[in-house]
Amino acid sequence: MKCLLLFLLAILPHSHGYTIDPSDVNIHQRRRQRTKVVDMARPLLPPFPDGPCGGSVVTLPSRDLYGKKNDGGTSFLSSFNPLSSLNNIMLPPRDVLVWLPKEYHMPEYRGERFQVLYCHDGQNAMTDTSSWTGSSWRLIGAITRLSERKMLRSETPPIVVMIPSGEGGILPGMNMPGMNRRHAEYGDMGTVISEAHGEFVAKTLHPYVMERFRTKDGPEHTATIGSSLGGQSSLQLVLRHPEIFGGAACLSPCFQAGTIASVVANLVGNSDTSSTRYNKQDDANHRSLRSKTIYLDNGGDVDETRVPVFDAMDHFTMNERWWNPGYFWLDTQLQPTIDAVRWALDRGGVEYHYKKFPGARHNERAWATRIHYPLMSLYGDISSDNLTV
């Protein structure tokens, strides 16, 4: 028996925990490389990854954004003074999260500056657990995957500034139609609280981000994105501050009369027929929507395709926020105002992207299935075949 054991030990390979043939290492490396190629060639289809996806998240404390001055003594406040009781009612202080792509801290990119994307309803953008419906847009997962596949025009993804929307009512205990804080902050053009929100993003938050991080300057490097009323607020930033924002992506946007009128006024007031993008030397083109990147989409009923009244998957989430009704009627109801904005853009000679998703609901889970389209509109080639295979 002893001789048999010695014979077996002699003929068995010794690569199981004792010795490793160098050729085996090369084989494993080649396998990993081949696996990486296969992974990179996967169809670009949701669901996209949840969470920061290898990047880092920095918290901008409310005391820095809403206090009188930063540590260096330079005021980042606009004409609105949030320390006053009136402005505390309009814009209560809140922390803002900033996602930095993994490239931001890589040695080979230490000298690089990054584009910036401002995201409304920022608590719904990155992680399911922070979303008020238990499902997020998976925006970070989508933009990371697009970057990994070299589908963005830039070598690196943008920095994403996730601006949380206000919660509750404008006044304590008054969270009802017409008094909802989010609806007020993302409200129509000309309303006091929506104007205050736009001024805060443009005159307070944006300078702070530019000072704090390595960012590229100019509207060609600064865009905004939002859904529903957040989509309206995104387009408003381009209208109100064209010198800062060069692109807006609006998912299932809820456009109101003042915003539609402002689109028309912009195109009438800047009647240059040129459709070229932003040019620093041409102030008229700088202000016109013809110089901007605009993306619109929505779901809803289309011909025989109807949004289901109830979708059980809307209520299977990974946390206690299971109530995610999806507002089956809303995207269909919003179609006339979206068509009104499209009509104005068409009449004004504006090049923009519009996509219709028949039967899609009005919630974060639906937007997560198509978040790569607005990102490609802003940062890549939306006509790429890789988006649909």
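Rules and cut-offs
- Residues numbered from 1 in each chain as written.
- Predicted model: local features only at pLDDT ≥ 70, side-chain atom pairs only at ≥ 80, totals over all residues.
- Heavy atoms only, no water.
- Helix = DSSP H or I, 4+ residues; strand = E, 2+ residues; numbered from the N terminus.
- Contact = heavy atoms within 4.5 Å.
- Areas by Shrake-Rupley, 256 points an atom, 1.4 Å probe, with all protein chains shown as cover.
- Pairing = 2+ DSSP bridges.
- Axes fitted to C-alpha atoms, helices over the stretch in contact; angles between N-to-C directions.
- Core = buried A, V, L, I, M, F, W, Y, C linked by side-chain atoms within 4.5 Å.
- Buried < 20%, exposed > 50% of the residue type's maximum accessible area, 1.4 Å probe, protein only.
- Salt bridge = Lys/Arg side-chain N within 4 Å of Asp/Glu carboxyl O.
- Parallel < 35°, antiparallel > 145°, perpendicular 65-115°, else oblique.
- Left-handed = near helix turned anticlockwise from the far one by under 90°.
- Nonpolar A, V, L, I, M, F, W, Y, C, P; charged D, E, K, R; others polar.
- pLDDT = per-residue confidence, 0-100.

**Brief notes about the overall build of the chain**
Per the secondary structure count, the chain includes 14 helices and 8 strands. In the chain, the proportion of contacts linking residues at least 24 apart, taken out of those at least 6 apart, comes to 74%. Split by element, the accessible area of the chain, about 19,000 Å² in all, is 57% carbon and sulfur.

**Notes on the sheet that holds strand 2 (residues 96–100)**
The 8 strands lie next to each other as 1-2-4-3-5-6-7-8, forming an open sheet whose pairing is mixed. Strands at the two margins of the open sheet, each flanked by one partner only, are strand 1 (56–60) and strand 8 (353–356). If you compare each strand with its neighbour and ignore which way they point, the axes differ by 15° on average. Contacts between helix 5 (residues 139–148) and the sheet are confined to strand 2, strand 3 (116–119), strand 4 (159–162) and strand 5 (222–227), with strand 2 contributing the most and set at about 20° to the helix. This element, helix 14 (residues 372–379), spans strand 3, strand 5, strand 6 (247–251), strand 7 (293–298) and strand 8 of the sheet and lies at about 165° to strand 7.

**Focus: the nonpolar core**
In a soluble, globular protein the nonpolar side chains are often hidden away together inside. Counting 54 residues, the largest nonpolar core has Leu60, Tyr118, Val161, Leu205, Phe213, Leu289 and Leu345 as the members making the most contacts within it. At 8 residues, the largest contribution of residues to this core is made by helix 7 (residues 192–212). If sequence neighbours within four positions are ignored, Leu345 has contacts with Val263, Leu267, Leu289, Ile294, Leu296, Val350 and Tyr352.

**Topic: the pattern of salt bridges**
In total, this model carries 9 salt bridges according to the counting rule given. Among the salt bridges present, the one from Arg149 reaches Glu148, with a minimum N-O distance of 3.6 Å. One salt bridge connects Glu199 with Lys203, and the closest N-O pair in it is separated by 3.4 Å. Of this pair, Glu199 and Lys203 both sit in helix 7, 4 residues apart, roughly one helical turn. Under the relative-accessibility criterion, Glu199 is labelled buried at 18%. On the basis of relative accessible area, Lys203 is assigned to the partly exposed category, the value being 36%.

**Some points on the packing of helix 7 against helix 8 (residues 229–240)**
Running from N to C, helix 7 and helix 8 point in directions that differ by 70°, and their axes come no closer than 10 Å. Comparing the axis directions of helix 7 and helix 8 gives the class roughly perpendicular. Classified by chirality, the crossing of helix 8 by helix 7 is right-handed. Seen from helix 7, the contacting residues are Ser194, Glu195, His197, Gly198 and Val201; seen from helix 8, they are Ser233, Gln236, Leu237 and Arg240.

**Section: the packing of helix 5 against helix 14**
At a minimum axis separation of 10 Å, helix 5 and helix 14 run at an interaxial angle of 55°. The angle between the axes of helix 5 and helix 14 places the two elements in the oblique class. Crossing angle aside, the handedness with which helix 5 passes helix 14 is right-handed. Taking contact as the criterion, the partners of Leu139, Ala142, Ile143 and Leu146 in helix 5 are, on helix 14, His372, Leu375, Met376 and Tyr379. In terms of residue class, the contact of helix 5 with helix 14 is made up of 7 nonpolar, 1 polar and no charged.

**Points about the confidence of the model for the chain**
Mean pLDDT over the chain stands at 82; residues scoring 70 or higher make up 74%. Low pLDDT, under 50, characterises residues 68–80; the predicted model gives this stretch 25 contacts beyond four residues in sequence or across chains.

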